[in-house]
Amino acid sequence: FYIKHANTIGINNVYIYTRAGEFVFESKNNATTWDGTYKGHYCKQEVYTYLILYYHTRTPNEIKSKFGTVLLLY
């Protein structure tokens, strides 16, 4: 899981959670991607929720958020 974005967007944090709300991944930028594992083990194939905190480079003090779901399949 990674974020495709233009050069005008900066990533503050990326969080991924299970359907039950358990934390499985965090990144403080877009350089680290989620490979579907948690603590070295593959996660279950199911729907996960992501939360992204980002900003536009024109207005770096204005943090925005985006959340959604991703289906993990192997």
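A brief look at the structure comes next. (Residues numbered from 1 in each chain as written. Predicted model: local features only at pLDDT ≥ 70, side-chain atom pairs only at ≥ 80, totals over all residues. Heavy atoms only, no water.)

## A word on the overall build of the protein chain
Move 1: On a plain count of helices and strands, the protein chain comes out with 0 helices and 6 strands.
Move 2: Counting from the amino terminus, the protein chain carries its helices and strands in the arrangement β-β-β-β-β-β.
Move 3: Summarising its shape, the C-alpha atoms of the protein chain cover approximately 40 × 20 × 20 Å along the three principal directions.
Move 4: Sequence-distant contacts, at least 24 apart, represent 47% of the contacts inside the protein chain between residues at least 6 apart.
Move 5: As presented, the protein chain carries roughly 5,300 Å² of accessible surface, and 52% of it is formed by carbon and sulfur atoms. (Helix = DSSP H or I, 4+ residues; strand = E, 2+ residues; numbered from the N terminus. Contact = heavy atoms within 4.5 Å. Areas by Shrake-Rupley, 256 points an atom, 1.4 Å probe, with all protein chains shown as cover.)

## Topic: the pattern of salt bridges
Move 1: Under the definition given, this model contains 4 salt bridges.
Move 2: Of the charged contacts, one joins R19 and E46 as a salt bridge, the two residues approaching to 3.6 Å between their closest N and O atoms. One end of the pair, R19, is in the loop between β1 (9-17) and β2 (23-27); the other, E46, is in the loop between β4 (41-42) and β5 (47-56), and 27 residues separate them in sequence.
Move 3: Of the residues examined, R19 reaches a relative accessible area of 62% and is grouped as exposed.
Move 4: A salt bridge links K64 to E62; the nearest nitrogen and oxygen atoms lie 3.8 Å apart.
Move 5: Through salt bridges that share partners, R19, K44 and E46 make up one connected network. (Salt bridge = Lys/Arg side-chain N within 4 Å of Asp/Glu carboxyl O. Buried < 20%, exposed > 50% of the residue type's maximum accessible area, 1.4 Å probe, protein only.)

## Concerning the sheet that holds β2
Move 1: Reading across the sheet, the 4 strands line up as β2-β1-β5-β6 and stay open at both edges, with antiparallel pairing between neighbours. This sheet does not close on itself; its edge strands, each paired only once, are β2 and β6 (59-71). Ignoring which end each strand starts from, the neighbouring axes of this sheet average 15 degrees apart.
Move 2: Looking at chain direction, β5 and β6 are connected through 9 bridges and run antiparallel. Following the sheet pairing, L53 is matched in β6 by S65. (Pairing = 2+ DSSP bridges. Axes fitted to C-alpha atoms, helices over the stretch in contact; angles between N-to-C directions.)

## Side note on the packing of aromatic side chains
Move 1: Tallying each qualifying case throughout the model produces 5 aromatic pairs.
Move 2: Here Y17 and F23 contribute two aromatic rings whose centre-to-centre distance is 6.0 Å and whose plane-to-plane angle is 65 degrees, an arrangement assigned as edge-to-face.
Move 3: Measuring from ring centre to ring centre gives 5.0 Å for Y42 and Y74, while their planes differ by 80 degrees; the resulting arrangement is edge-to-face. You can see Y42 sitting in strand β4 and its partner Y74 sitting in the segment after β6, a full 32 residues away along the chain.
Move 4: Among the aromatic side chains, those forming a connected cluster through ring pairs are Y15, Y17 and F23. (Phe/Tyr/Trp six-rings, centres within 6.5 Å; stacked < 30°, edge-to-face > 60°.)

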